[in-house]
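Residue-level listing of the chains:
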Amino acid sequence: MRPISRRSTLLLGGLGTAATVAGGAGLWWSLASAEPPNGGTADAEGPGLRIPPELRSTAGKLQLTLEAARGQVELGGRPASALCYNGTSPGPTLRLRPGDELTIRLVNGLDEATNLHVHGLHVSPQANGDNVFLAVGPGEAFDYSYRLPPDHPPGVYWYHPHHHGTVAGQIFAGLFGAIIVEDSVTIPVSADRVLLVSDTTLDSAGSVAAVSQPERMAGREGELLLLNGQRNPLLTARPGERERWRIINACAARFLRLRLDGQRLDLIGMDSGRSPVPGRVEELLLAPGNRADLLVTATAGDTVLQALPYDRGSMPGMMRQGPLTGRGPASLAVFRVSGESAVAPAAVPPRPAPEDLRTATVAARRQLVLAMGMGMGSGQGGPSGMMGFSINGREFSGSRTDTVAPAGSVEEWTLVNTSPMDHPFHLHVWPMQLIEDNGQAVEGVIMRDVVNVRANGRATVRIAFRDFSGRSVYHCHILDHEDLGMMGVIEVS
Ligand code: C2O
Ligand code: CU
Ligand code: CU
């Protein structure tokens, strides 16, 4: 056994509860190997946290050009040939306010088609809005324009490509960035950090590795686990300081079960959902696409932001295998709190309670069955021999409308998963209120745009189609599953 490095000590220090939860597997890993499961050889802690460039709206407008192109960057400390927006991965952070107009010229410098989706924003899906049916060819440009309603919920959102068939590959190669919708009443914090978590796999030449068919069917998980493109960066604070962490799960398929043991965590919101008063949490589960808006109140010492293993099930007809179950805790960042204590921050102002759709009149009830298996679907989603991925028995077709919802109505959807693998269900434009999770009624108002439907489980949501009409999509946010056909078209009219 190698001597325990400072890094292992740090991991162990932050690991107490986690090791118990994971049945000691994590502890074993830390002792047996000086290397984290995301590979490579980091020192006690990585470099200081890199912050993606920030662009902020002024006088109600933000106008920018986003060029998607291959770039030479550093990912996890290694030279990499990745896909970037404006030369960086993650791309620039866009900071907006409710009521703003956002105009983006997307320039496609890739050698394949792409487009742009603003994940979670409550904006029109029509014309040059959040329209994922558009394709921008190589060498072409397109002008997108989005108008946020004046009552748009503040919170953490993100943008990424959505061209059917290449979504997983383009995001896995680096195309994503954060969107923050600011609060009208400021929450007093000493730092407002945007933390984009992604994973990828680089080959020896620094190119993003190709993935196999089984990896696509399972949903690809990368060997490198990155925070703002870095491996295990160092974040520093003073004791008593309150920071705001905006965490985005931009991984193509990996679930993030996050812990920061030894620090006080209060959750302000997830996705577009907000709680009137921040609620204390010990652990956070972010399915692919989910975001957390978190307050961290710093206590002196070094702690590790860990991603713990999460069991998201297995492939139909197969034994449980590696990529689906996670491999021991991974360190995402080191949080170092030292120095003189800061004065206690001012109280967090309370926020209005969100609307509760549990008391709304439901105009229609639907069931959406998420399925995977051999011999399913038409085969449009992939080469023969691939497992089919479907919703209500059909693979995605952009020319077909699967669900028509009358504008102005509230609907209740039951999402049924008939496969032995979790599927995080995502609906564009209209947020979902989680009503029931695996038969359990949910307490309080939980708004999400990605709802995880457990393996062989079900979830019930309510959706208010009050504003914005037009065609858009819902799909599994394991992006390979989306690309393979687990997506449907909704039209609100
Ligand atoms: Cu994050 Cu349809 O996407
Ligand atoms: Cu989306
Ligand atoms: Cu899925």
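Rules of the game
Residues numbered from 1 in each chain as written. Chains lettered and ligands numbered in written order. Predicted model: local features only at pLDDT ≥ 70, side-chain atom pairs only at ≥ 80, totals over all residues. Heavy atoms only, no water. Helix = DSSP H or I, 4+ residues; strand = E, 2+ residues; numbered from the N terminus. Buried < 20%, exposed > 50% of the residue type's maximum accessible area, 1.4 Å probe, protein only. Contact = heavy atoms within 4.5 Å. Areas by Shrake-Rupley, 256 points an atom, 1.4 Å probe, with all protein chains shown as cover. Polar contact = N/O pair within 3.5 Å; in protein donor to acceptor, adjacent residues only side chain to side chain. Donors = N, O, S within 2.8 Å, 3.2 Å for Na, K, Ca; no water. Pairing = 2+ DSSP bridges. Axes fitted to C-alpha atoms, helices over the stretch in contact; angles between N-to-C directions. 1 Å grid on protein atoms, 1.4 Å probe; cavity = no way out; pocket = protein on both sides within 12 Å on 5 of 7 lines; lining within 4 Å. Points joined across faces, edges and corners; volume = space filled by probe spheres on them. Nonpolar A, V, L, I, M, F, W, Y, C, P; charged D, E, K, R; others polar. Phe/Tyr/Trp six-rings, centres within 6.5 Å; stacked < 30°, edge-to-face > 60°. Lys NZ or Arg CZ within 6 Å of the ring centre and 35° of its normal.

Undergrad: Can you break down the overall build of the protein chain residue by residue, with the values?
TA: Within the protein chain, the regular secondary structure consists of 7 helices and 31 strands. Buried positions account for 57% of the 493 residues belonging to the protein chain. A separation of at least 24 residues holds for 77% of the contacts in the protein chain among residues at least 6 apart in sequence. By element, 53% of the accessible surface of the protein chain is carried by carbon and sulfur atoms, the whole surface being about 18200 Å².

Undergrad: Kindly report on the side chain of His 152, identifying the contributing residues and their values.
TA: When you line up the elements, His 152 lands in the loop between β7 (141-147) and β8 (155-160). His 152 sits in the buried class, given a relative accessible area of 3%. Of note is the side chain of His 152, whose polar atom sits 2.9 Å from the backbone nitrogen of His 122. Aside from chain neighbours lying at most four places away, what touches His 152 is Pro 98, Gly 120, Leu 121, His 122, Tyr 157 and Val 181.

Undergrad: Describe unusual backbone geometry, with residues and values.
TA: A cis amide bond links Ser 89 with the next residue in sequence, Pro 90, at an omega value of 0 degrees. Structurally, the position occupied by Pro 90 is in the loop between β3 (78-85) and β4 (93-96). Although it is not a glycine, Asn 392 sits at a positive phi angle of roughly 50 degrees. Summarising the element assignment, Asn 392 is placed in the loop between β22 (388-391) and β23 (403-405).

Undergrad: Describe the coordination of the copper ion (ligand 3), naming the residues involved and giving the relevant values.
TA: Each donor-metal-donor angle would ideally measure 109.5 degrees in four-coordinate tetrahedral geometry, or 90 or 180 degrees in six-coordinate octahedral geometry. Protein coordination at the copper ion (ligand 3): the donors are His 423 (ND1), Cys 476 (SG) and His 481 (ND1), at 2.0 to 2.1 Å from the metal. Sequence positions of the residues that donate to the copper ion (ligand 3) give the spacing H-x52-C-x4-H. Taken as a pair, His 423 in strand β25 (residues 423-427) and His 481 in helix α7 (residues 479-483) lie far apart in primary sequence, 58 residues in all. Classification of His 423 as buried rests on a relative accessible area of 0%. By relative accessible area, His 481 is classed as buried at 0%.

Undergrad: An account of the coordination of the copper ion (ligand 2) is requested, with residue identities and associated values reported.
TA: Of the protein atoms, only His 117 (NE2) and His 426 (NE2) coordinate the copper ion (ligand 2), at distances of 1.9 Å. Of the two residues, His 117 sits in strand β6 (residues 117-119) while His 426 sits in strand β25, which places them 309 residues apart along the sequence. As far as burial versus exposure is concerned, His 117 and His 426 are alike and both buried.

Undergrad: Residue-level account of the sheet that holds strand β10 (residues 191-200), with values.
TA: Strand order in this open sheet of 6 strands is β11-β10-β13-β18-β15-β16, and the pairing throughout is mixed. Looking along the sheet, the strands with just one partner apiece sit at the ends: β11 (224-227) and β16 (273-281). Sheet twist, expressed as the average angle between the axes of neighbouring strands with direction ignored, equals 25 degrees. Pairing of strand β15 (residues 264-270) with strand β18 (residues 291-297) involves 6 bridges; the strand directions are antiparallel. In the strand pairing of β18, Leu 265 is matched with Val 296.

Undergrad: Run through the layout of surface pockets, naming residues and quoting values.
TA: Within this model, the largest pocket holds a volume of roughly 860 Å³. Forming the boundary of the largest pocket are 29 residues, of which Asp 151, His 152, Pro 153, Ser 272 and Pro 354 lie nearest the centre. Within the residue set of the lining of the largest pocket, elements represented by two or more residues are β16 and β27 (440-448). A breakdown of the residues in the lining of the largest pocket according to their chemical character gives 15 nonpolar, 6 polar and 8 charged.

Undergrad: An account of the sheet that holds strand β9 (residues 177-181) is needed here, citing residue identities and associated values.
TA: Pairing is mixed in the open sheet, where 5 strands are placed in the order β1-β4-β9-β8-β6. At either margin of the open sheet sits one strand with a lone partner, and together these are β1 (54-56) and β6. Sheet twist, expressed as the average angle between the axes of neighbouring strands with direction ignored, equals 25 degrees.

Undergrad: So what's going on with the packing of aromatic side chains? Residues and values would help.
TA: Where two aromatic rings form a pair, the distance of their centres and the angle of their planes describe that pair. Inspection of the entire model under this criterion finds 10 aromatic pairs. Each ring, one from Phe 142 and one from Tyr 144, has its centre 4.8 Å from the other, and the planes form 70 degrees; the classification is edge-to-face. Clustering of aromatic rings is evident, with ring pairs tying together Trp 413, Phe 425, Trp 430, Phe 465 and Tyr 474. Over the face of the ring belonging to Phe 172 we find Arg 220, whose NZ or CZ atom lies 5.4 Å from the ring centre. Directly above the aromatic system of Phe 133 lies the positively charged group of Arg 471, at a separation of 4.7 Å from the ring centroid.

Undergrad: An account of the pairing of strand β31 (residues 487-492) is needed here, citing residue identities and associated values.
TA: Summarising burial for β31: 5 of the 6 residues are buried, a large majority. Bridge analysis of β23 against β31 gives 3 bridges, and the strand direction is parallel. By the bridge assignment, Thr 403 is partnered in β31 with Ile 490. Sheet topology places strand β30 (residues 470-476) next to β31; 6 bridges connect them, and they run antiparallel. Paired with Arg 471 across the strands is Glu 491, a residue of β31.

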